[in-house]
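Observations on the model geometry
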Amino acid sequence: MKAIKHDIAVVSMHTNMDAAVGGVNYRIAAKMGAKVTGTIGHSKAVSDARGSAVHGSDGIVATFDEPMAADDFIALLKHTFNVECVMANAMLRRPIRTVAICGGAGDFLLPDAVKAGADAFLTGEMHYHQYFGWEQIIQIAVIGHYQSEQFTNEIFREIIEDACPGVRCVLSEINTNPILYI
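Every value quoted in this text rests on a predicted model; they were computed, and no experiment measured them.

Examining the pattern of salt bridges
- Inspection of the entire model under this criterion finds 5 salt bridges.
- The salt bridge partner of Glu154 is Lys31, with a shortest N-O separation of 3.3 Å. Residue Glu154 is found in helix α7 (residues 152–163), and its partner Lys31 is found in helix α3 (residues 24–32); the two are separated by 123 residues along the sequence.
- Residue class for Glu154 comes out buried when judged on its relative accessible area of 18%.
- Where Arg94 meets Asp119, a salt bridge forms, and the shortest distance between an N and an O atom there is 3.4 Å. With Arg94 in the loop between β3 (87–88) and β4 (96–105) and Asp119 in the loop between α5 (110–115) and β5 (120–125), the pair connects residues that are 25 residues apart, well separated along the chain.
- By relative accessible area, which is 32% here, Arg94 ends up partly exposed.
- Taken together, the shared-partner salt bridges connect Arg27, Lys31, Glu154 and Glu158 into one network.

Focus on the side chain of Gln139
- Structurally, the position occupied by Gln139 is in strand β6 (residues 139–142).
- A distance of 2.9 Å separates a polar atom in the side chain of Gln139 from a polar atom in the side chain of Asn89.
- Apart from the residues within four sequence positions on either side, Gln139 is in contact with Ala70, Ala88, Asn89, Ala90, Met91, Leu92, Ile96, Asp119, Ala120 and Phe121.

Remarks on the nonpolar core
- Residues Met32, Phe73, Leu77, Phe81, Val99, Ile101 and Leu122 are the most contacted members of the largest nonpolar core, which totals 29 residues.
- Sorting the residues of this core by element identifies α3, β2 (53–68), α4 (70–80), β4, β5 and α7 as the ones contributing at least two each.

Brief notes about the packing of aromatic side chains
- Enumeration according to the criterion identifies 3 aromatic pairs in this entry.
- Note on Phe64 and Phe73: the rings are 6.2 Å apart at their centroids and 70 degrees apart in plane angle, and the pair reads as edge-to-face.
- Judged by its relative accessible area of 4%, Phe64 falls in the buried class.
- Pairing Tyr128 with Phe132 gives two aromatic rings, centres 5.4 Å apart and planes at 80 degrees, and the pair type is edge-to-face.
- Here Lys31 stacks its cationic end above the ring of Phe151, 4.3 Å away from the centre of that ring.

Calculation notes
Residues numbered from 1 in each chain as written. Predicted model: local features only at pLDDT ≥ 70, side-chain atom pairs only at ≥ 80, totals over all residues. Heavy atoms only, no water. Salt bridge = Lys/Arg side-chain N within 4 Å of Asp/Glu carboxyl O. Helix = DSSP H or I, 4+ residues; strand = E, 2+ residues; numbered from the N terminus. Buried < 20%, exposed > 50% of the residue type's maximum accessible area, 1.4 Å probe, protein only. Polar contact = N/O pair within 3.5 Å; in protein donor to acceptor, adjacent residues only side chain to side chain. Contact = heavy atoms within 4.5 Å. Core = buried A, V, L, I, M, F, W, Y, C linked by side-chain atoms within 4.5 Å. Phe/Tyr/Trp six-rings, centres within 6.5 Å; stacked < 30°, edge-to-face > 60°. Lys NZ or Arg CZ within 6 Å of the ring centre and 35° of its normal.

Here is the structure:
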């Protein structure tokens, strides 16, 4: 109400951006230096406000130019997403080149990641029992829901600045992650 009273627009959404082409999953891949090569899960197209088709999917598959060892992949995630720890299954004993990605709560896509031939699966949340049975099949890496979506504000800023040149767009510096790693 305070923002409205002061004629300040507040954009507070991200779920659709998780699945959009160029959205959260694409930003995760870009931050890691991987190129998007495919999609996993459900795909769909919807019309935007201008009537243009907007495509999206539950998750994506991305490929690194050079394969890396599993421990190097985990180190890359820790550095790139500024996480204290990565929840993972046993380290994969083969190089990781292809990673399936679903920001937020993406554990439902693990079987699709395996079917897509991914070496690793990166998501924000995963249930305990879903870690079992994938040893040496796929490297699971869970970085936290907030951490996997922390760059969503950058995407919205770019969209707003592109659509509304000259409009002041300010990103909050407040960390609203309620989970602490102590």
